[in-house]
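Analysis of the macromolecular model
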Amino acid sequence: AEAMEFRLRTGEVVDESLYPKIPHMKSEDARLRTFSNWPSWSPVQPHDLAQAGMFYVPEADRQIDRVQCFCCAGMLVSWEEGDDPWQEHARAYPNCFFILGHDVGNIPSEQPRQR
Ligand SMILES: [Zn+2]
């Protein structure tokens, strides 16, 4: 996957109270619900993306595998076979407080994982 934007800059002092950037996507289940039209050709699974803090950001006129993090608002696109959502998130946005393990209000899913 490729990072579309880099919003958290390395080495910069950031105000932690500004996070999560997208509070209404704090819940993993809420994120999961955004994947109803996730492209079937994508090699990565909605459950794994939602668990890594990502929700689907579709485009009206074309199918795109673009996702965004509820915490850092970083976007990832062009998922490839073998990509791990958590690892790709950490590589593209290493300063994300969710990735760093801070309490940013994430609400994990209570639903059993489906495979
Ligand atoms: Zn993030």
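Refer to the preceding data block for the structure.
Treat the numbers as computed from the prediction; the structure is a model and nothing was measured.

Here is what the cut-offs are and how they apply
Residues numbered from 1 in each chain as written. Predicted model: local features only at pLDDT ≥ 70, side-chain atom pairs only at ≥ 80, totals over all residues. Heavy atoms only, no water. Donors = N, O, S within 2.8 Å, 3.2 Å for Na, K, Ca; no water. Tetrahedral: all angles 85-135°; square planar, octahedral: opposite > 155°, others 65-115°. Helix = DSSP H or I, 4+ residues; strand = E, 2+ residues; numbered from the N terminus. Buried < 20%, exposed > 50% of the residue type's maximum accessible area, 1.4 Å probe, protein only. Salt bridge = Lys/Arg side-chain N within 4 Å of Asp/Glu carboxyl O. Polar contact = N/O pair within 3.5 Å; in protein donor to acceptor, adjacent residues only side chain to side chain. Contact = heavy atoms within 4.5 Å. Phe/Tyr/Trp six-rings, centres within 6.5 Å; stacked < 30°, edge-to-face > 60°. Pairing = 2+ DSSP bridges. Axes fitted to C-alpha atoms, helices over the stretch in contact; angles between N-to-C directions.

1. With respect to the coordination of the zinc ion
Each protein donor to the zinc ion is listed here as Cys69 (SG), Cys72 (SG), His89 (NE2) and Cys96 (SG); together their distances run 2.1 to 2.3 Å. Here the zinc ion binds 4 donor atoms, and the angle range of 102 to 117° at the metal identifies the geometry as tetrahedral. All donor residues of the zinc ion come from one chain, and their arrangement in sequence is C-x2-C-x16-H-x6-C. Here the residue Cys72 occupies a position in the loop between strand E3 (67–69) and strand E4 (75–77), and His89 occupies one in helix H3 (residues 85–92), the gap between them amounting to 17 residues. Residue Cys72 is classed as buried on the basis of its relative accessible area of 1%.

2. What to know about the pattern of salt bridges
One pass over the full model with this rule turns up 3 salt bridges. With its nearest N and O atoms 3.5 Å apart, the salt bridge here joins Arg66 to Glu59. The residue Glu88 makes a salt bridge to Arg91 at a minimum N-O spacing of 3.0 Å. Here Glu88 pairs with Arg91, and both are found in helix H3, just 3 residues apart, close to one helical turn. Take Glu88: its relative accessible area is 8%, and that puts it in the buried class. Each of Glu59, Arg62 and Arg66 takes part in one network of salt bridges that share partners.

3. Overview of the side chain of Thr34
Tracing the sequence through the fold places Thr34 in the loop between helix H1 (28–33) and helix H2 (46–51). A polar side-chain atom of Thr34 sits 2.5 Å from the main-chain carbonyl oxygen of Arg31. Setting aside residues up to four positions removed in sequence, Thr34 forms contacts with Met25, Phe55 and Tyr56.

4. Brief notes about the packing of aromatic side chains
Using the criterion set out here, one finds 6 aromatic pairs in the structure. For the pair Tyr19 and Phe97, a centre-to-centre distance of 5.1 Å together with 75° between the ring planes defines the contact as edge-to-face. Here the residue Tyr19 occupies a position in the loop between strand E1 (2–3) and H1, and Phe97 occupies one in the segment after H3, the gap between them amounting to 78 residues. You'll find Tyr19 and Phe97 in the same group, each marked buried. Relative to Trp38, the ring of Phe35 lies with its centre 5.2 Å away and its plane at 75°, an arrangement referred to as edge-to-face. Accessibility classification places Phe35 together with Trp38 in one group, the buried group. Site record: aromatic cluster; members linked through ring pairs are Phe35, Trp38 and Tyr56.

5. A look at the sheet that holds strand E2 (residues 54–56)
The strand order across the open sheet formed by 4 strands is E1-E4-E3-E2, and the pairing between neighbours is antiparallel. The sheet is open, and its two borders are formed by E1 and E2, each paired with just one other strand. In terms of strand pairing, E2 meets E3 through 3 bridges, oriented antiparallel. Its bridge partner lying in E3, Met54 is registered against Cys69. Lying over the sheet, H3 contacts E1, E2, E3 and E4, oriented at roughly 125° with respect to E4.

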